[in-house]
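Chain by chain, the residues run as shown.
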Amino acid sequence: RGPLRKTIRTVGTIDYNETALADVTTRFKGWIEKLDVDATGQLVHRGEPLFEVYSPELYDPQVEFLKAVTNSFKKFKSVIAQRQTAIRNLKNFDVQDAQIAEIETNRAVLRTLPVVAPISGFVIEKNVVAGQMVDAGMRLYRIADLGIVWVMAQVYEQDLAFVQLGQEAVVKVASMPDREFRGRVTFIYPTVDEKTRTAKVRLEFENPGYFLKPGMFVSAQITAELEPSALLVPDSAILRSGEKNTVFVALSGGKFDPRTVVLGPESEHDMVEVISGLQEGERVVASGQF
């Protein structure tokens, strides 16, 4: 008697954590005057400048803000509302609080606007060069945080019943055969591929050191505990005739008793659950194929 565990072995590929991707765009038309991040693969931190952009569309909102700042010594409600409106207009163009404070302190319009990284991560796409004209909404950079990565594993449909959210998963990569990475099942996709008869299962792994890289091929193992205590026999002890399953129980005096058994799921270490036909503690022939 022991725990009934089923180990599902499969393969998969490492992918980006979709919830940790960020696109960098502008909300106005402009020209790139300076690139601070000029190469794909570069690590950036949140708030670091990516580039500086010049846009005539930013001039009028800054002038309106400066007018409101100039009149701010007046405590009229209309002046206060004008200042709040001017700040809101600047923020609609993604002007940061620090840049608004700089305009107010210097009492001068910013000729170019620094655009900063919205998250910390690696630049996986760069679609801009110095001097380029960009339109509003154009994707200029895509940044990925690789602190957590996903593994898309393929699980056969007959094994899906044994996969549940939160189960532990272990993966290995070819470049580090002696190391295992442990994560969890976080999502089971609702469709099955008609050709391969597999469903995608998403595994999530913390990635300190960034050893797990998107695009890597991995071997994955998911372990499911079906019952904490079950009656088990070695798979080799079962004689399968097609119509029934038989296990030979060793009796005293060199005799054997063939028992018809009802089997449950296969367990790890080549063990099989016995639902009926045997009792705990009975001695069985380890190999009954005779």
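Above this text is the structure in question.
Definitions and cut-offs
Residues numbered from 1 in each chain as written. Predicted model: local features only at pLDDT ≥ 70, side-chain atom pairs only at ≥ 80, totals over all residues. Heavy atoms only, no water. Helix = DSSP H or I, 4+ residues; strand = E, 2+ residues; numbered from the N terminus. Buried < 20%, exposed > 50% of the residue type's maximum accessible area, 1.4 Å probe, protein only. Polar contact = N/O pair within 3.5 Å; in protein donor to acceptor, adjacent residues only side chain to side chain. Contact = heavy atoms within 4.5 Å. Pairing = 2+ DSSP bridges. Axes fitted to C-alpha atoms, helices over the stretch in contact; angles between N-to-C directions. Salt bridge = Lys/Arg side-chain N within 4 Å of Asp/Glu carboxyl O.

Caption draft 1: Representation of the side chain of T112 within the structure. Positionally, T112 belongs in strand β6 (residues 112–116). Since its relative accessible area comes to 17%, T112 is described here as buried. A distance of 3.0 Å separates polar atoms of two side chains, one belonging to T112 and the other to E52. With sequence-adjacent residues up to four places away left out, T112 is seen in contact with E33, E52, V53 and Y54.

Caption draft 2: Expanded view of the side chain of S267. Within the element layout of this structure, S267 appears in strand β18 (residues 256–267). Here R5 takes part through its backbone oxygen, which lies 2.8 Å from a polar atom of the side chain of S267. In this structure, S267 is in contact with P3, L4, R5, L232 and V272, ignoring residues within four places of it in sequence.

Caption draft 3: Representation of the sheet that holds strand β14 (residues 217–230) within the structure. Spatially, six strands are ordered β1-β10-β13-β12-β11-β14 in a closed barrel, and the strand pairing comes out antiparallel. Pairs of neighbouring strands in the sheet enclose a mean axial angle of 40°, with direction left out of account.

Caption draft 4: Inspection of the pairing of strand β3 (residues 30–35) at higher detail. Here β3 runs beside strand β8 (residues 133–134); their pairing, made up of two bridges, is antiparallel. Residue pairing across strands places W31 opposite M133, the latter belonging to β8. Pairing of β3 with strand β5 (residues 49–54) involves four bridges; the strand directions are antiparallel. Residue pairing across strands places W31 opposite Y54, the latter belonging to β5.

Caption draft 5: Highlighting the pattern of salt bridges. Summed over all chains, the structure comprises 19 salt bridges. Between R142 and D23 there is a salt bridge; the shortest N-O distance is 2.7 Å. Of this pair, R142 sits in strand β9 (residues 141–144) while D23 sits in strand β2 (residues 21–24), and the two are 119 residues apart along the sequence. The partly exposed category is assigned to R142, whose relative accessible area is 21%. Residue D23 is classed as partly exposed on the basis of its relative accessible area, which comes to 36%. Across the pair R182 and E168 runs a salt bridge, and its minimum N-O distance is 3.3 Å. One end of the pair, R182, is in strand β12 (residues 176–192); the other, E168, is in strand β11 (residues 168–173), with 14 residues separating them in the sequence. A relative accessible area of 51% places R182 in the exposed class.

Caption draft 6: Molecular detail of the sheet that holds β9. Spatially, β2-β9-β7-β4 is the arrangement adopted by the four strands of the open sheet, whose pairing is antiparallel. This sheet does not close on itself; its edge strands, each paired only once, are β2 and β4 (43–44).

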